[in-house]
Structure formats: structure tokens, C-alpha cells
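Topology and contacts: notes
The residues making up each chain are set out below.
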Amino acid sequence: MASSTVRPDAQDRPEEHEVARRLLESAAALAYDPATEVDWETPLDKDFHGASPEWSTLYGTAYWAEMSEAQRKELTRQEAASVASTGIWFEMILQQMVLRDVYTKDPTGADVQWALTEIAEECRHSIMFARGAQKLGAPAYRPRRLAVELGRAFKTVAFGEAAYAAILVAEEVLDVMQRDWMRDERVVPFVRTINNIHVVEESRHMKFARAETRRHLDAAGPVRRRIHALVIAIASYVIVTSMVSKDVYANAGLDPERAVREAEANEHHKSMMRSSCSGLMDFLASARLLTGPALIFYKRAHLI
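Below or above, wherever it landed, is the structure these notes cover. (Residues numbered from 1 in each chain as written. Predicted model: local features only at pLDDT ≥ 70, side-chain atom pairs only at ≥ 80, totals over all residues. Heavy atoms only, no water.)

Here we take up the packing of helix H5 (residues 110-135) against helix H8 (residues 189-217). Where H5 contacts H8, the axes come no closer than 11 Å and their chain directions differ by 155°. Classed by the angle they form, the pair H5 and H8 counts as roughly antiparallel. Crossing angle aside, the handedness with which H5 passes H8 is left-handed. Contacts from Trp114, Glu118, Glu121, Glu122, Arg124, His125, Met128, Phe129, Gly132 and Lys135 of H5 reach H8 at Phe190, Ile194, Ile197, His198, Glu201, Glu202, Arg204, His205 and Phe208. (Axes fitted to C-alpha atoms, helices over the stretch in contact; angles between N-to-C directions. Helix = DSSP H or I, 4+ residues; strand = E, 2+ residues; numbered from the N terminus. Parallel < 35°, antiparallel > 145°, perpendicular 65-115°, else oblique. Left-handed = near helix turned anticlockwise from the far one by under 90°. Contact = heavy atoms within 4.5 Å.)

So this is what it looks like as C-alpha cells:
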């Protein structure tokens, strides 16, 4: 993705230009304004979950069995807010990488105009997530300091398939869980609306990320491919393990030490993560990005 090298104009890349043109048409036909589409005025109804309970990090554990229904709902609201906060963090990284990628390109080209459209959508998503987390009664969750610094380095140096594939990982994992949440009538209605907006608009971003990953890999030699396969895997591990902050348990009124211990051993949640990433892993395998060293990190993140 992000390189200071001047690249050919869009007309020299007809396939890329055509993908971007179709995505621009889709964005013009189907886009949302969260400021008006989401019900921000109705007070939070605490009889609802913040996410499908099956996606909770404690679902299926002994601790979950002991919790009251009110505690379970509060936990899923805090976890949903943490996922949203992680989404904001990574969307800020994404926006910087995409801007850096198109910095020297022809702004009259469909590819640059699509990139700017994607950035505009991501800006709206970040504001939407922030307002959603606030309405859920959650604090501003932040990734741990190491993840923040690794993200700072990644957005500065990542380019080509390393950048676009990492973007794809973050978007695909969120997409699968949010498709469940937006259909689940146990989830508070405004969160379902947020998830629906994000799923619809992110589907365009994922198509572009897949196309760009393939395009950049066409020019990648075996050494670069292996290096970037590992970089993508490490980035994926950091993203996925940052989704649910350990602070959610204390904020939900639980014993944080016990909750963290049972969450880390929760085989149900690990299985949910693996199933959500089956399509993503198939894509990475087809792109020959599932090398031995990369697999170590995907397994540690329970993505495979």
C-alpha cells in the first residue's frame, strides 16, 4: 500500500480502475448517514444485550452460568463497546495507510476517488462507533500500550499486500460477528442498526482489500511474500487479541481476575473465532500467505 514511489495512472491498470468504478457506483446507490439513521435519542434499554450472548468471551463458562441475566447483558454491552473502540483504533490506522497509498496518484482516477470515498465512510463509522459505545454506558476502551505502539509502526511502514491483507483481516472478523448481532432481536435496536450500516459499507471495503492484496502479490517475489505473510499474521494477532479489553469485566461488575482466567480458557469462544475466519483463511491460503511462521500467530489468536 503505502509507498512514496509514483505508480502508473489508473488507465494503465484497467482491472483496478473497473473495480474502483463499480465500488463508487455502489457507494452512490447505497450509503448511510449514521447521524440520522441511528436512533440516538431513545434512552438505553437495559433489557437488551449489546451483542449476541454467544459471542461473549465468557459464554459457556462456569462464570457465565453463575451470572444473572442482568449481569450477562451488561457484560455483552461492555464487550460490544470494546469491540467498537478497537474498530475506531484500527480504522484510524486504515485511513492513514490508504491516504499514504494514493498520495502521488492521479485524483481524477476512479481508484483515488474510491479510496477517498472509503476514508469518508471510515470516518463516519468511527464517529458512529464512538457514539454507540458512549450510549452503551462504556468508557473509552484503549488497546494495551504495546498494541498501540505496534499499530503506530505498522501504519508507518506497511505497504502493498501487507497493508491491504491486514485491513482485510480486521474487516472480515468484525463482519462475521456483526452479521450475527444485526439479526439478533436480543441485541439493543440501535446497535443492530449500527452493525447493519457497518456490514453493508464494509462489504465494499473488503472487496477492494481483496483485489488490492491480489494485485500487489502479483509483483511480489518469494522472499517478500514470506516476510509479508509473517507481518500480516502478527498484525492479525494484535488486532484480534485487542478486541475485548480486560477492563470490560470490572466495568460489568465481575471479578476481573476470574473472568480473564475463564475467558482465556473458553473453548466455545475460540471455536466461534475459528469459524468466523474460515473464509478469510481460505483466501490467505489461496494467496500463499499461510506460511509456517504465520500459522503460529493465527493459531495463537485462535483464527485457525
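Here the narrative resumes.
Right, let's get into the pattern of salt bridges. Considering all chains together, one arrives at 19 salt bridges under this definition. Aspartate 101 serves as the salt-bridge partner of lysine 105, at 3.8 Å between the closest nitrogen and oxygen. Look at lysine 105 and you get buried, because its relative accessible area is 11%. We classify aspartate 101 as buried; its relative accessible area is 1%. Across the pair glutamate 149 and arginine 145 runs a salt bridge, and its minimum N-O distance is 3.0 Å. Of the two residues, glutamate 149 and arginine 145 both sit in helix H6 (residues 145-157), four residues apart, roughly one turn of that helix. (Salt bridge = Lys/Arg side-chain N within 4 Å of Asp/Glu carboxyl O. Buried < 20%, exposed > 50% of the residue type's maximum accessible area, 1.4 Å probe, protein only.)

This part is about the nonpolar core. Counting 94 residues, the largest nonpolar core has Leu58, Leu75, Met177 and Tyr249 as the members making the most contacts within it. Setting aside chain neighbours within four positions, we find tyrosine 249 in contact with Thr57, Leu58, Leu75, Glu79, Val244, Leu254, Pro256, Ala259, Val260 and Ala263. (Core = buried A, V, L, I, M, F, W, Y, C linked by side-chain atoms within 4.5 Å.)

Further remarks concern the packing of aromatic side chains. The tally for this structure, following the rule as stated, stands at six aromatic pairs. These aromatic residues form a ring-pair network of at least three members: Trp114, Tyr164 and Phe208. Directly above the ring of tyrosine 63 sits arginine 258, whose terminal nitrogen or CZ lies 4.2 Å from the centroid. (Phe/Tyr/Trp six-rings, centres within 6.5 Å; stacked < 30°, edge-to-face > 60°. Lys NZ or Arg CZ within 6 Å of the ring centre and 35° of its normal.)

Before going further, it helps to examine helix H4 (residues 69-102). Three- or four-residue spacings in an α-helix give side chains the same orientation, since the helix completes a turn every 3.6 residues. An ideal rise of 1.5 Å per residue puts 50 Å on 34 residues; H4 measures up with 49 Å between its terminal C-alpha atoms. Counting buried positions along H4 gives 27 out of 34 residues, so the element sits mostly inside the fold. (Expected span 1.5 Å × (residues − 1).)

To continue, consider the environment of tyrosine 141. With respect to the element layout, tyrosine 141 can be found in the loop between H5 and H6. C-alpha separation for the pair tyrosine 141 and serine 82, spaced 59 residues apart in sequence, amounts to 5.7 Å. Residues contacting tyrosine 141, with those up to four places away along its chain left out, are Gln78, Ala81, Ser82, Ser85, Ser245, Asp247, Val248 and Asn251. A polar atom in the side chain of tyrosine 141 sits 2.4 Å from the side chain of glutamine 78. (Polar contact = N/O pair within 3.5 Å; in protein donor to acceptor, adjacent residues only side chain to side chain.)

Even without a glycine there, the phi angle at arginine 288 is positive, about 60°. Checked against the element boundaries, arginine 288 lands in the loop between helix H13 (278-286) and helix H14 (292-300). Phi at histidine 302 is positive, roughly 60°, even though this residue is not glycine. Turning to its location among the elements, histidine 302 is positioned in the segment after H14.

Glancing now at the side chain of glutamate 118. Among the structural elements, glutamate 118 can be located in helix H5. Buried within the structure, glutamate 118 lacks any salt-bridge partner; arginine 204 is the closest side chain of opposite charge, at an N-O distance of 8.6 Å. The contact partners of glutamate 118, leaving out residues within four places of it in the chain, are Leu94, Glu171, His205 and Phe208. (Lys, Arg positive; Asp, Glu negative; His and termini not counted.)

This paragraph deals with helix H11 (residues 256-264). When we look at burial in H11, the residues that qualify are Arg258, Ala259, Val260, Glu262 and Ala263. Check the buried side of H11 and you find it contacts helix H3 (62-66) and helix H10 (247-251). For H11, the N-terminal capping position is held by aspartate 255, with its side-chain oxygen 3.2 Å away from the main-chain nitrogen of glutamate 257.

Right, let's get into the packing of H4 against helix H7 (residues 160-183). The angle between the axes and the distance between the axes are what describe a pair of packed helices. For the pair H4 and H7, the least separation of the axes is 11 Å and the interaxial angle reads 150°. As judged from the angle between their axes, H4 and H7 are roughly antiparallel. As H4 runs across H7, the sense of the crossing is left-handed. Together, Ala80, Val83, Phe90, Leu94, Met97, Val98 and Asp101 of H4 and Ala163, Tyr164, Ala166, Ile167, Ala170, Glu171, Leu174, Met177 and Trp181 of H7 make up the contact between the two elements. Looking at the contact of H4 with H7 residue by residue, the classes come out as 14 nonpolar, no polar and two charged. (Nonpolar A, V, L, I, M, F, W, Y, C, P; charged D, E, K, R; others polar.)

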